[in-house]
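A closer look at the structure
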Amino acid sequence: MDKLITFHTGDLNPKQVAFCRSRAAFTAYGGARGGGKTHVLRIKAVLGALYYPGIRILIVRREYPELEQSIILPMKKMTRGFADYNGSARSLTFAGGSIIKFGHYGTGESGEYQGQEYDWIFLEEATQFTESEFRTLGACLRGTSPVPRRMYLTCNPGGVGHGWVKRLFVDKIYRPGEREEDHCFIPATVEDNPALLKGSPGYTAMLDLLPEDTRRAWRYGDWNALSGV
């Protein structure tokens, strides 16, 4: 895996490389807007599919339109020639038997994932999910293969899941059964994403014009600026 990550370091900033190298059971990336979280999610999923033949990966967003635009379409393009996309199954299949499944998780749809098994799960925009939904998806991390079971989260402050994400990954307050060593948080801001700064030089100025609490959260990743909704 490290050799594959090294091969892609030209596409990744140091925070994204740290995300790819994390071996924690639960790794969260983000904080401020513009830190490159969706890009590294896509790359990490493809690296896993290439490194572990036969791995089963699930990538989840709250709503399907956002899933299609930010995840499915770019990943179809980046895997063209070495993975086949099945539109009806919403999945990519690799030559070694690895599968990346794309799913959305609307309100009240927890039953869709009951009984399913995955080796890795990526939860995009984790603060849009309740802790119960997070745990329901986590229960799908099981199987008989030797692949290490992991969950990767991307997140920004605010939203219905602000509290549990902040507790586990920022404040590091754990309840019985939760272990600190299982949780890794990699904070990132727009300054960690030189590709975005180059392509959209006015982005930071736009963030600086936001209302104070929102600016602190989205510009600097301040988890105390917003309390969630």
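Everything here concerns the structure above.
In what follows, the accompanying structure is described.

**Notes on the packing of aromatic side chains**
Throughout the structure, instances matching the rule amount to 14 aromatic pairs. Each ring, one from Trp120 and one from Phe122, has its centre 6.3 Å from the other, and the planes form 65°; the classification is edge-to-face. By relative accessible area, Phe122 is classed as buried at 0%. Ring pairing ties together the aromatic residues Phe19, Tyr29, Tyr51, Tyr52, Trp120, Phe122 and Tyr152, which thus form one cluster. In this structure, Arg62 is placed above the aromatic ring of Phe129, and the distance from its NZ or CZ to the ring centre is 4.6 Å. The lysine or arginine in question, Arg90, covers the ring of Tyr64, its NZ or CZ lying 3.9 Å from the ring centre.

**Things to note about the sheet that holds strand β1 (residues 26–31)**
With mixed pairing, the eight strands of this open sheet are ordered in space as β3-β4-β5-β2-β6-β7-β1-β8. In the strand order of this sheet, the two ends are held by β3 (83–86) and β8 (183–188), each with one partner. For this sheet, the mean angle separating the axes of adjacent strands, direction not counted, is 15°. Bridge analysis of strand β2 (residues 56–61) against strand β5 (residues 99–104) gives six bridges, and the strand direction is parallel. By the bridge assignment, Arg56 is partnered in β5 with Ile99. Its contacts with the sheet put helix α4 (residues 64–78) on β2, β3, β4 (91–94) and β5, and the angle it makes with β5 is roughly 160°.

**Points about the packing of helix α2 (residues 14–21) against helix α3 (residues 37–51)**
Contact pair α2 / α3: the axes reach a minimum separation of 10 Å and the direction vectors enclose 35°. Here α2 runs over α3; the crossing is right-handed. Note on element contacts: α3 touches α2 through His39, Val40, Lys44 and Leu47, opposite Gln16, Phe19 and Cys20. In the contact of α2 with α3, the residues fall into four nonpolar, two polar and one charged.

About the criteria used
- Residues numbered from 1 in each chain as written.
- Predicted model: local features only at pLDDT ≥ 70, side-chain atom pairs only at ≥ 80, totals over all residues.
- Heavy atoms only, no water.
- Phe/Tyr/Trp six-rings, centres within 6.5 Å; stacked < 30°, edge-to-face > 60°.
- Buried < 20%, exposed > 50% of the residue type's maximum accessible area, 1.4 Å probe, protein only.
- Lys NZ or Arg CZ within 6 Å of the ring centre and 35° of its normal.
- Pairing = 2+ DSSP bridges.
- Helix = DSSP H or I, 4+ residues; strand = E, 2+ residues; numbered from the N terminus.
- Axes fitted to C-alpha atoms, helices over the stretch in contact; angles between N-to-C directions.
- Contact = heavy atoms within 4.5 Å.
- Left-handed = near helix turned anticlockwise from the far one by under 90°.
- Nonpolar A, V, L, I, M, F, W, Y, C, P; charged D, E, K, R; others polar.

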